[in-house]
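These are the residues of each chain, in order.
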Amino acid sequence: MYELLKVLHITSVIVWMGSMILAAALPPAGVSEKSVAAVRLIMNIGISVAWIAGLYLAQQGGWFSDGWLHAKLAIATLLAGLHGVIVSRLRGRAYASGEGFMWVSLPWLMMVTVFAASYLVIVKPF
Ligand code: HEM
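Residues numbered from 1 in each chain as written. Predicted model: local features only at pLDDT ≥ 70, side-chain atom pairs only at ≥ 80, totals over all residues. Heavy atoms only, no water.

Caption draft 1: Up close: the packing of aromatic side chains. All told, the structure shown has one aromatic pair when counted by the stated rule. Above the plane of the ring of tryptophan 63 lies lysine 124, whose end atom (NZ or CZ) is 4.9 Å from the centre. A cation over a ring is seen here: lysine 124 above tryptophan 68, with NZ or CZ 4.9 Å from the ring centre. (Phe/Tyr/Trp six-rings, centres within 6.5 Å; stacked < 30°, edge-to-face > 60°. Lys NZ or Arg CZ within 6 Å of the ring centre and 35° of its normal.)

See the structure below:
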């Protein structure tokens, strides 16, 4: 059961991160309303299953007192915040429609956070 849960967790993390990094690379309001709805649906399925399965894994594995999970939860919370910002950008909301360096580098920054989260959970350095 634990391994099956981990499979579900990793699958949903791949869906969440993949769709979010792609959405962050799209120009603001650059896609049709229909496509925005499809991308949002995929992102929302990814984030909800990743969190539910992840927290259940942490409870089943007794990991809540481990430093690596605390650091990983901080990263996952940051990514959850970014999730909302990226959906706003897709919908062309003014506050999230910049073209500056920060927006252009966002997908790359997210790849670094995915590496960091994966390192923490696989190596468990602390
Ligand atoms: C959203 C909140 C999250 C929670 C509460 C969470 C929690 C967990 C827990 C408890 C495990 C099992 C650890 C083990 O059995 O060794 C796990 C596995 C894993 N998580 Fe998460 N996680 C979350 C988000 C993420 C994110 C955002 C990523 C990557 C971007 C990620 C990547 C992974 C990977 C790759 C594994 C498998 C590790 C292994 O098999 O050794 N998780 N997660």
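There's plenty left to go through after this.
Caption draft 2: Looking closely at the coordination of the iron atom of the ligand. Here the iron atom of the ligand is held by the protein donor atoms His9 (NE2) and Lys72 (NZ), which lie 1.8 to 2.0 Å from it. For the iron atom of the ligand, the six donor atoms in the first shell make angles of 82 to 176° at the metal, so the coordination geometry reads as octahedral. With a gap of 63 residues between them, histidine 9 in helix α1 (residues 2–25) and lysine 72 in helix α3 (residues 67–90) connect regions that are remote in the sequence. For histidine 9, a relative accessible area of 13% corresponds to the buried category. (Donors = N, O, S within 2.8 Å, 3.2 Å for Na, K, Ca; no water. Tetrahedral: all angles 85-135°; square planar, octahedral: opposite > 155°, others 65-115°. Helix = DSSP H or I, 4+ residues; strand = E, 2+ residues; numbered from the N terminus. Buried < 20%, exposed > 50% of the residue type's maximum accessible area, 1.4 Å probe, protein only.)

Caption draft 3: Representation of the layout of surface pockets. Its boundaries defined by the atoms lining it, the largest pocket holds a volume of some 710 Å³. The wall of the largest pocket is formed by 29 residues, among which His9, Val13, Lys72, Ala117 and Val121 lie closest to the centre. Those elements giving two or more residues to the lining of the largest pocket turn out to be α1, α2 (33–61), α3 and α4 (101–123). Its residues assigned to classes, the lining of the largest pocket comprises 22 nonpolar, four polar and three charged. (1 Å grid on protein atoms, 1.4 Å probe; cavity = no way out; pocket = protein on both sides within 12 Å on 5 of 7 lines; lining within 4 Å. Points joined across faces, edges and corners; volume = space filled by probe spheres on them. Nonpolar A, V, L, I, M, F, W, Y, C, P; charged D, E, K, R; others polar.)

Caption draft 4: Summary view of the site of the ligand. If you check the shell around the ligand, you find 23 residues, and the closest are Tyr2, Lys6, His9, Lys72 and Lys124. Taking lysine 6, its side chain carries an N or O atom lying 3.2 Å from an oxygen atom of the ligand. Here a nitrogen atom of the ligand and a side-chain polar atom of histidine 9 are 2.8 Å apart. A molecule is said to occupy a pocket when more than half its atoms come within 2 Å of that pocket's grid points, and by this definition the ligand occupies the largest pocket. Residue assignment for the shell around the ligand shows that the elements contributing at least two residues are α1, α2, α3 and α4. In terms of residues, the shell around the ligand owes the most to one element, α1, which gives seven residues. The residue inventory of the shell around the ligand, partitioned by class, reads 18 nonpolar, two polar and three charged. (Near = heavy atom within 4 Å. Polar contact = N/O pair within 3.5 Å; in protein donor to acceptor, adjacent residues only side chain to side chain. Sits in = over half its atoms within 2 Å of the grid points.)

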